[in-house]
Each structure stands twice: as structure tokens, then as C-alpha cells.
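Single-letter residue listing:
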2 protein chains.
Amino acid sequence: MGRKASVDDEQLMDRLSCVFRDVGYEGATLAMLSEATGLKKASLYHRFPGGKEQMAREVLDSAGVWLEEHILAPLKGDGAPADRVKEMARQLDAFYSGGKQACLLNMLSSARIHEGPFTKAIKQIFEAWIEALAAVMADAGVDKREARNRAERGVIMLQGSLVFSRGMGTTRPFREFLKSLPNELLGGEL
Amino acid sequence: MGRKASVDDEQLMDRLSCVFRDVGYEGATLAMLSEATGLKKASLYHRFPGGKEQMAREVLDSAGVWLEEHILAPLKGDGAPADRVKEMARQLDAFYSGGKQACLLNMLSSARIHEGPFTKAIKQIFEAWIEALAAVMADAGVDKREARNRAERGVIMLQGSLVFSRGMGTTRPFREFLKSLPNELLGGEL
DNA sequence: TGAGTTATACCGATCGTTCGGTAATAGTCA
DNA sequence: TGACTATTACCGAACGATCGGTATAACTCA
């Protein structure tokens with residue numbers, strides 16, 4: 001068949017994701033996306049006929065897949081609840097580069113594209129995440145309602161610690177959050 | 001001497017702030033800022049010779065002043081610690097329109113302007129806020145180190161709840177955060 | 001070869017910005 | 001009081017640059 005791509009889809013997603021996470025949707029220009037991927041604009045349009053919006057959309061979708069594989073699946077595993085949570089923390093640490101990289105869910109939820117193509121996907125990811133977290137806590141014997149509260153708080157603190165870390169110019173808040181997360185979720189039940 | 005302004009400085013700041021909080025720095029266009037303020041682009045440049053960057057910078061500065069007046073001053077008041085925290089919650093509820101509006105500190109800390117003109121101001125605001133919060137808790141008898149931890153957690157949860165609320169399309173998380181804030185800060189000392 | 005991939009060149013639109021000029025107020029002096 | 005001037009606020013039109021996007025040709029390799 002044809003010629004092989006100089007950048008495989010996975011690398012492509014990673015590099016596009018990096019740009020969107022750094023500067024958001026509006027901040028990301030095709031020039032930046034081109035430089036980050038090593039592909040010229042026209043080549044990007046070959047891979048993403050839908051343009052910048054499709055790129056962001058697919059990056060968001062692949063983030064959803066990543067969450068499913070690296071976070072939700074381990075959370076639904078059969079180890080001890082505390083171990084599953086600790087595994088999640090490990091994965092999060094890698095995903096956010098120890099707090100250096102922002103969260104796509106925050107960076108892509110600007111109001112410019114109000115009720116736009118991203119809002120639904122973002123909401124779904126948040127919901128799936130919280131549900132899986134609540135399920136783990138339920139396994140650990142936490143009351144269902146309390147489990148949901150703690151799950152939301154966990155996600156909220158993740159987002160907040162990333163925002164705060166970026167604002168303060170240090171990754172310490174994020175790292176401390178990760179450390180406190182298991183106890184935060186399974187506090188009275190360890 | 002000259003002609004009186006059709007929009008006073010305070011209104012101007014409020015309307016510019018609204019745009020930056022909605023769509024961030026890169027997302028905000030002169031066209032949007034012009035429409036939001038009722039001033040034509042050229043008139044905006046009369047008020048802000050430094051252009052868009054000066055607008056964002058002054059909006060950020062005026063947010064710092066607002067924090068000083070409406071948050072830090074009450075926190076340093078002479079009422080009961082719990083009352084001071086509750087007053088802060090009231091002010092925050094108004095400032096963020098019950099969770100409908102995002103935080104400038106989050107929206108202006110994109111990496112596009114890395115180490116740019118906003119980072120220092122953002123950091124200062126975060127620091128002043130946390131210090132004032134920690135002081136209130138110290139007044140309530142909370143251990144100094146613990147007070148600082150809780151203060152940071154408070155700010156982190158504020159940011160996180162705003163991000164989460166926006167992502168989920170509901171203000172409930174923010175409102176619940178506000179409700180839980182006094183107990184979160186002064187939990188064991190009420 | 002010929003399908004698949006990348007590159008060069010280009011497009012209209014919009015970006016942030018600037019400039020020349022006009023509208024409106026305040027002070028001056030008759 | 002009322003023309004004149006100074007000063008400030010505002011706006012229409014245009015700037016160069018860059019935006020996202022699109023042709024079409026050149027290259028690569030099964």
C-alpha cells in the first residue's frame with residue numbers, strides 16, 4: 001500500500017495533547033501543533049480533516065480511553081481497595097508529570113465553545129471517574145452516599161491542586177495531594 | 001478638563017474581567033472585549049495603551065484589590081473566626097456568581113505566556129490568601145502547621161470545585177464546597 | 001505503478017494594533 | 001453671558017501579521 005506515517009497515531013495524540021494541556025484550545029495554534037508533532041499544517045489536515053476541533057476532540061477521546069485503561073480498570077480490579085487507590089495515584093503522577101502538566105478537562109472547558117463539542121465528553125469523563133472511585137470505597141465498606149461525596153472531593157482536589165501548583169510555580173501541592181489521596185478516600189476504613 | 005468617560009473605570013474592569021474569566025487570555029479577542037465594554041477597539045487602546053496585556057494585567061490587579069478588601073480584610077477582622085470564615089464564603093459566593101463564573105487565577109495562568117506578566121501577581125494573590133486563612137485558624141487555636149495545610153486545602157478545593165462545576169455544567173459542587181468550607185477549616189475547633 | 005503521505009504555496013478572515021480625526025467637557029477671557 | 005482654546009474620550013478605517021483552512025504538486029514505498 002502507501003507510505004508509512006512518520007509519526008504513529010499514539011505519538012501524535014501525545015504531542016497534540018501536550019500542546020492543548022499547556023495553552024488550551026484557543027491558545028493552541030496550528031503552527032504550535034505543527035511544530036510539536038513535526039508535521040506540516042497540510043499533513044495535520046490529512047490526519048484530521050476536521051481541523052483543530054477534531055484534533056482537540058480526538059485528544060479528549062484518547063484521554064478518556066487512557067482513563068479507562070489506566071485508572072478505571074485498576075480501580076475495578078480485585079486487589080485491596082487501598083492498593084487500587086495507590087495504583088491510581090501512581091498512574092496520575094505519571095500522567096500529570098508529577099504536577100507539571102495541566103489537566104485537559106480544565107483546559108478544554110472554556111466558555112468560548114459554550115455547549116460545544118467538548119462539554120459532553122468532559123462531563124462523561126468526570127462522571128465515570130467518580131462512579132469508579134465511589135465503587136472502590138463502597139467495596140471498602142464506606143457508606144454509599146459518603147463514598148460519592150469523597151469521590152467528588154478527590155476529583156475536585158486533583159483539579160484544584162493542579163491549578164494551584166501551576167499558579168504557584170511548584171509541583172509540591174500536587175505531590176502532597178497524591179500522597180494524601182488514599183487516606184482522603186479511605187480515611188476511616190483503613 | 002476633558003470629556004467624561006462613558007464607562008467608569010470600575011464598570012470597565014468588571015466587564016473586562018467577565019470576558020477574561022469566561023474564555024481566558026488567548027480566548028479573549030479585542031472584538032469581544034469591545035462588545036462587552038461598549039467601547040470600540042480604538043477607545044480601549046485609549047484607556048489601555050498597553051493593549052490586551054495591560055487590560056488583563058489591570059483586571060488581575062483589581063482582583064487583588066478586591067480580594068484585599070472583601071476577603072483579607074474581613075478575615076483579619078475581630079469577630080469570631082467562624083463568623084469571619086462565613087463572611088468570606090458569602091463574599092466568594094457573590095464573586096463567583098454562585099459558581100457560574102470561573103476564577104481569573106486559573107484562566108490567566110496558561111503556559112503560553114510562560115513566566116509572563118501574570119504569574120507573579122497570581123502567585124502573590126494565592127500566597128496572601130493562604131496566609132490570611134492560616135492566621136484565622138491560628139486565632140481559633142489550630143496548630144500553625146496544620147492551619148497552613150487546611151488553608152491550602154481550602155484554596156485548592158475552591159479552585160477544584162470551580163473547575164468541576166464548569167465541567168459538569170452545574171454549580172452544585174461549588175455551592176456544596178462553600179457550605180462545607182467553615183467546617184473544613186475550623187473542623188475540630190468549633 | 002499508484003495509493004498514501006508530506007510539502008509548497010496560497011486563500012479569506014480575523015487577530016492585535018495604530019493613526020487621523022471627531023465629539024464632548026472644562027477653563028479662559030471678552 | 002458666549003466665543004475660543006485646551007484637554008480628554010471616542011471612533012472609523014486601515015495596518016501588518018497570523019489565524020485556521022485548502023488547493024495541488026512532490027515524494028515514498030508496498
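Residues numbered from 1 in each chain as written. Chains lettered and ligands numbered in written order. Predicted model: local features only at pLDDT ≥ 70, side-chain atom pairs only at ≥ 80, totals over all residues. Heavy atoms only, no water.

### Brief notes about the overall build of chain A
Helix and strand content of chain A: nine helices and zero strands. Element order for chain A, N to C, with α for helix and β for strand: α-α-α-α-α-α-α-α-α. Expressed along its principal axes, the backbone C-alpha trace of chain A runs to roughly 55 × 40 × 30 Å. Expressed as a percentage of its 190 residues, the buried residues of chain A come to 49%. Considering only contacts in chain A between residues 6 or more positions apart, those separated by 24 or more positions represent 65%. Total accessible area computed for chain A in this model is approximately 9300 Å², and 49% of it derives from carbon and sulfur atoms. Treating the 26 positive side-chain charges of chain A as one cloud and the 26 negative ones as another, the clouds have centres 5 Å apart. (Helix = DSSP H or I, 4+ residues; strand = E, 2+ residues; numbered from the N terminus. Buried < 20%, exposed > 50% of the residue type's maximum accessible area, 1.4 Å probe, protein only. Contact = heavy atoms within 4.5 Å. Areas by Shrake-Rupley, 256 points an atom, 1.4 Å probe, with all protein chains shown as cover. Lys, Arg positive; Asp, Glu negative; His and termini not counted. Charge placed at Lys NZ, Arg CZ, Asp CG, Glu CD.)

### Looking at the relation of the copies chain B and chain A
Superposing chain B onto chain A requires a rotation of 180 degrees together with a translation of 0.0 Å along the rotation axis, leaving an RMSD of 0.1 Å. Here the transformation between the copies is reduced to the relation of a two-fold axis. Of every C-alpha in chain B, the one belonging to Gly160 of chain B sits nearest the axis of rotation, 1.8 Å from it. (Least-squares fit on C-alpha atoms with pLDDT ≥ 70 in both.)

### A closer look at the protein's contact with DNA strand D
Around DNA strand D there are 23 residues in total, and Leu30, Lys41 and Tyr45 of chain A together with Ser6 and Ala42 of chain B lie nearest to it. By atom count, sugar and phosphate contribute 64% of the portion of DNA strand D lying within 4 Å of the protein. One of the backbone N or O atoms of Leu30 of chain A is found 2.7 Å from a phosphate oxygen in DNA strand D. Listed by contribution, the elements that provide at least two residues to the surface near DNA strand D are helix H3 (41-47) and helix H4 (51-75) of chain A together with helix H3 (41-47) of chain B. With five residues, the top contributor of residues to the surface near DNA strand D is H3 of chain B. A breakdown of the residues in the surface near DNA strand D according to their chemical character gives ten nonpolar, six polar and seven charged. (Near = heavy atom within 4 Å. Polar contact = N/O pair within 3.5 Å; in protein donor to acceptor, adjacent residues only side chain to side chain. Nonpolar A, V, L, I, M, F, W, Y, C, P; charged D, E, K, R; others polar.)

### Some points on the protein's contact with DNA strand C
Near DNA strand C there are 22 residues, and of these Ser6 and Ser43 of chain A together with Met1, Leu30 and Tyr45 of chain B occur at the shortest range. Protein-proximal atoms of DNA strand C, defined as those within 4 Å of the protein, fall in sugar or phosphate at a share of 67%. Between DNA strand C and His46 of chain A, the relevant distance is 3.2 Å, taken from a phosphate oxygen to a side-chain nitrogen or oxygen of the residue. The side chain of Lys52 of chain B places a nitrogen or oxygen atom 3.0 Å from a phosphate oxygen of DNA strand C.

### Side note on the nonpolar core
Among the nonpolar cores identified, the biggest contains 123 residues, and Phe20 and Trp129 of chain A together with Phe20 and Trp129 of chain B are the most heavily contacted of them. Those residues in contact with Phe20 of chain B that lie beyond four places of it in its chain are Tyr25, Ala28, Leu33, Lys52, Met55, Ala56, Val59, Leu104, Met107 and Leu108 of chain B. (Core = buried A, V, L, I, M, F, W, Y, C linked by side-chain atoms within 4.5 Å.)

### Topic: the state of the cysteines
All names here are of chain A. Scanning the model with the defined rule gives zero disulfides over all chains in all. Not part of a disulfide, Cys18 finds its nearest cysteine sulfur in Cys103, a span of 13 Å. Residue classification places Cys18 among the partly exposed residues on the basis of a relative accessible area of 31%. When its relative accessible area of 4% is taken as the criterion, Cys103 is described as buried. (Disulfide = S-S within 2.5 Å.)

### Quick word on the side chain of Glu26 of chain B
Here Glu26 of chain B is to be found in helix H1 (residues 9-27). Among the polar contacts made by the side chain of Glu26 of chain B, one reaches the side chain of Ser110 of chain B at a distance of 3.3 Å.

### Things to note about the interface of chain B and chain A
In this assembly, 33 residues from chain B lie in contact with 34 residues from chain A. Both sides together, the interface formed by chain B and chain A hides about 2800 Å², and carbon and sulfur atoms give 65% of it. Our count for the contact surface shared by chain B and chain A stands at four salt bridges. With a closest N to O distance of 3.1 Å, Glu184 of chain B and Arg153 of chain A form a salt bridge. In this assembly, chain B and chain A are joined by nine residue pairs in polar contact (both at pLDDT 80 or more). Among the elements of the structure, H1, helix H7 (119-139), helix H8 (144-168) and helix H9 (172-186) of chain B are those that each provide at least two residues to the side of chain B that touches chain A. The greatest single-element share of the side of chain B that touches chain A, amounting to 13 residues, is contributed by H8 of chain B. (Buried area = accessible area lost by both parts, 1.4 Å probe. Salt bridge = Lys/Arg side-chain N within 4 Å of Asp/Glu carboxyl O.)

### Describing the environment of Thr37 of chain B
Residue and element names in this part refer to chain B. Tracing the chain through its elements places Thr37 in helix H2 (residues 30-37). Owing to a relative accessible area of 2%, Thr37 belongs among the buried residues under this scheme. Thr37 sits 21 residues away from Leu16 along the chain, and the two C-alpha atoms are 6.8 Å apart. Discounting chain neighbours no more than four positions away, the residues touching Thr37 are Val7, Leu12, Arg15, Leu16 and Leu44. For Thr37, the side chain forms a polar contact with the main-chain oxygen of Leu33, separated by 2.8 Å. A polar side-chain atom of Thr37 sits 3.3 Å from the main-chain amide nitrogen of Leu39.

### Thoughts on the side chain of Arg150 of chain B
Residues and elements named next belong to chain B. Along the chain, Arg150 falls in helix H8. Looking at Arg150, the relative accessible area reads 15%, which means it is buried. Within the structure, the side chain of Arg150 is placed 2.7 Å from the side chain of Glu146, a separation counted as a polar contact.

### Digging into the packing of helix H5 (residues 81-95) of chain A against helix H7 (residues 119-139) of chain A
All names here are of chain A. Across the interface, H5 lies against H7 with an axial gap of 9 Å and an inter-helix angle of 150 degrees. Judged by the inter-axis angle, H5 sits roughly antiparallel to H7. Residue-level contacts link Pro81, Arg84, Val85, Met88 and Leu92 of H5 to Trp129, Leu133, Val136 and Asp139 of H7. (Axes fitted to C-alpha atoms, helices over the stretch in contact; angles between N-to-C directions. Parallel < 35°, antiparallel > 145°, perpendicular 65-115°, else oblique.)

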